[in-house]
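Descriptive analysis of the structure
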Amino acid sequence: MTNKQAILEKARAYVFQELNGEVSGHDWWHIHRVTNLARTIAQKEGADLFICELAALLHDLADGKLNETEAIGLQKVQTWLAINGLETQDQDHIMDIIEHLSFKGGNQTQTVSTLEGQVVQDADRLDALGAIGIARTMAYSGHTGRPIHDPAMQPREQLTLEEYRSGQDTAIMHFYEKLLKLKDRMNTTTAKELAQERHQFLETYLEQFYGKRPITRYLPIK
Ligand code: ADP
Ligand code: NI
């Protein structure tokens, strides 16, 4: 086993231990899917596989929602990388990716700067779309005690991070405030292609949710 393979193996064990059973949308299987997607995209786009895979595995450990603060979370990941013998240059690269990955309302000025960062960000965003993305949205809303839908509440434009995190929203509002915007924000051509079908599924889901399609399988309620 090469040193890189050994580091990936340790990262997998560490992340599994930290996130297995997490219920706000950042569980181990989200990490597993994002890592696989990142590998697929990295191969097609010619990005560094090791950096993409390691950043994908570690990308949610520093999240502000899972740590006292995001800064404390980032320090935790930095320490792990140093203890596990990653070269300084690679440490900096991974930290740069993790720090700039998150959507956070979509208005931040600093974004990922390297191809590897773009790949991992695309992979993370693809897992917020389609059937999986809908399940995660509903789980997150339920977890934070928010309603599924309220026709009186309208999606908000130009959200600040505070507004985005404030909890004054519904699961359906989140489709408009984030999910439906993601297909046009993919960085790589590969992810843009992969996003199409998942985006279409969101549209179909909303149509049925609002009842624009006749539901023929059920008898009318008398
Ligand atoms: P973000 O950077 O937008 O917080 P996360 O990856 O941390 O993204 O969010 C975890 C999951 O929860 C994602 O599937 C995301 O779409 C969903 N989510 C985030 N915020 C909300 C919200 N306010 N309502 C419903 N789902 C949400
Ligand atoms: Ni994630």
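Note: the structure precedes this text.
A quick note: this is a predicted structure, and the numbers were derived from the prediction, not measured.

Here is what the cut-offs are and how they apply
- Residues numbered from 1 in each chain as written.
- Chains lettered and ligands numbered in written order.
- Predicted model: local features only at pLDDT ≥ 70, side-chain atom pairs only at ≥ 80, totals over all residues.
- Heavy atoms only, no water.
- Core = buried A, V, L, I, M, F, W, Y, C linked by side-chain atoms within 4.5 Å.
- Buried < 20%, exposed > 50% of the residue type's maximum accessible area, 1.4 Å probe, protein only.
- Helix = DSSP H or I, 4+ residues; strand = E, 2+ residues; numbered from the N terminus.
- Contact = heavy atoms within 4.5 Å.
- Axes fitted to C-alpha atoms, helices over the stretch in contact; angles between N-to-C directions.
- Parallel < 35°, antiparallel > 145°, perpendicular 65-115°, else oblique.
- Nonpolar A, V, L, I, M, F, W, Y, C, P; charged D, E, K, R; others polar.
- Expected span 1.5 Å × (residues − 1).
- Donors = N, O, S within 2.8 Å, 3.2 Å for Na, K, Ca; no water.
- Tetrahedral: all angles 85-135°; square planar, octahedral: opposite > 155°, others 65-115°.
- Phe/Tyr/Trp six-rings, centres within 6.5 Å; stacked < 30°, edge-to-face > 60°.

Structural notes on the nonpolar core
Leu-54, Leu-58, Leu-81 and Ile-94 are the most contacted members of the largest nonpolar core, which has 52 residues in total. Listed by contribution, the elements that provide at least two residues to this core are α1 (3-19), α2 (28-45), α3 (49-58), α4 (70-83), α5 (88-100), α6 (115-126), α9 (171-177) and α10 (189-209). Ignoring anything within four residues of it in the chain, the contact list for Leu-54 reads Ile-7, Leu-8, Ala-11, Trp-80, Leu-81, Leu-86 and Ile-94.

Concerning the environment of Leu-180
Secondary-structure assignment places Leu-180 in the loop between α9 and α10. On the accessibility criterion, Leu-180 (17% relative accessible area) is buried. C-alpha separation for the pair Leu-180 and Gln-118, spaced 62 residues apart in sequence, amounts to 19 Å. Beyond its immediate sequence surroundings of up to four residues, Leu-180 is in contact with Phe-175, His-199, Leu-202, Glu-203 and Leu-206.

Focus: the packing of α2 against α10
Contact geometry of α2 with α10 gives a least axis separation of 8 Å together with a crossing angle of 135°. Taken as axis vectors, α2 and α10 run oblique relative to one another. Facing Leu-37, Ile-41, Lys-44 and Glu-45 of α2, the residues of α10 in contact are Thr-189, Thr-190, Ala-191, Leu-194 and Arg-198. Classifying every residue of the contact of α2 with α10 gives four nonpolar, two polar and three charged.

With respect to helix α7 (residues 130-143)
Under the 1.5 Å per step criterion, the end-to-end length of α7 is 20 Å for 14 residues, consistent within 8% with the ideal 20 Å. Here the buried face of α7 lies against α2, α9 and α10. Directly beyond the C-terminal end of α7, a positive phi value near 70° is found at Gly-145.

What to know about the coordination of the nickel ion (ligand 2)
Octahedral six-donor coordination of a metal ideally yields angles of 90 or 180 degrees, compared with 109.5 degrees for tetrahedral four-donor coordination. Bound to the nickel ion (ligand 2) are the protein donor atoms His-30 (NE2), His-59 (NE2), Asp-60 (OD) and Asp-124 (OD), situated 2.1 to 2.5 Å from the metal. Given four donor atoms and angles of 84 to 168° at the metal, the environment of the nickel ion (ligand 2) is assigned as irregular. If you list the donors of the nickel ion (ligand 2) from N- to C-terminus, the spacing comes out as H-x28-H-D-x63-D. Here His-30, found in helix α2, pairs with His-59, found in the loop between α3 and α4; they are 29 residues apart in sequence, far enough to count as distant.

What about the packing of aromatic side chains?
Applying the stated rule across the entire model yields six aromatic pairs. Seen from their ring centres, Tyr-14 and Trp-80 are 5.4 Å apart, and the 5° between their planes marks the pair as stacked. On the criterion of sequence distance, the pair formed by Tyr-14 in helix α1 and Trp-80 in helix α4 is long-range, its members being 66 residues apart. Assessed through its relative accessible area of 13%, Tyr-14 is described here as buried. Consider the rings of Phe-16 and Trp-28, whose centres lie 5.6 Å apart with planes at 80°: the pair is edge-to-face. A residue pair is termed long-range when its members are at least 10 positions apart, and Phe-16 in helix α1 and Trp-28 in helix α2 qualify at twelve residues. A relative accessible area of 8% places Trp-28 in the buried class. Connected via pairs of aromatic rings, a cluster forms that spans Phe-175, Tyr-205, Phe-209 and Tyr-210.

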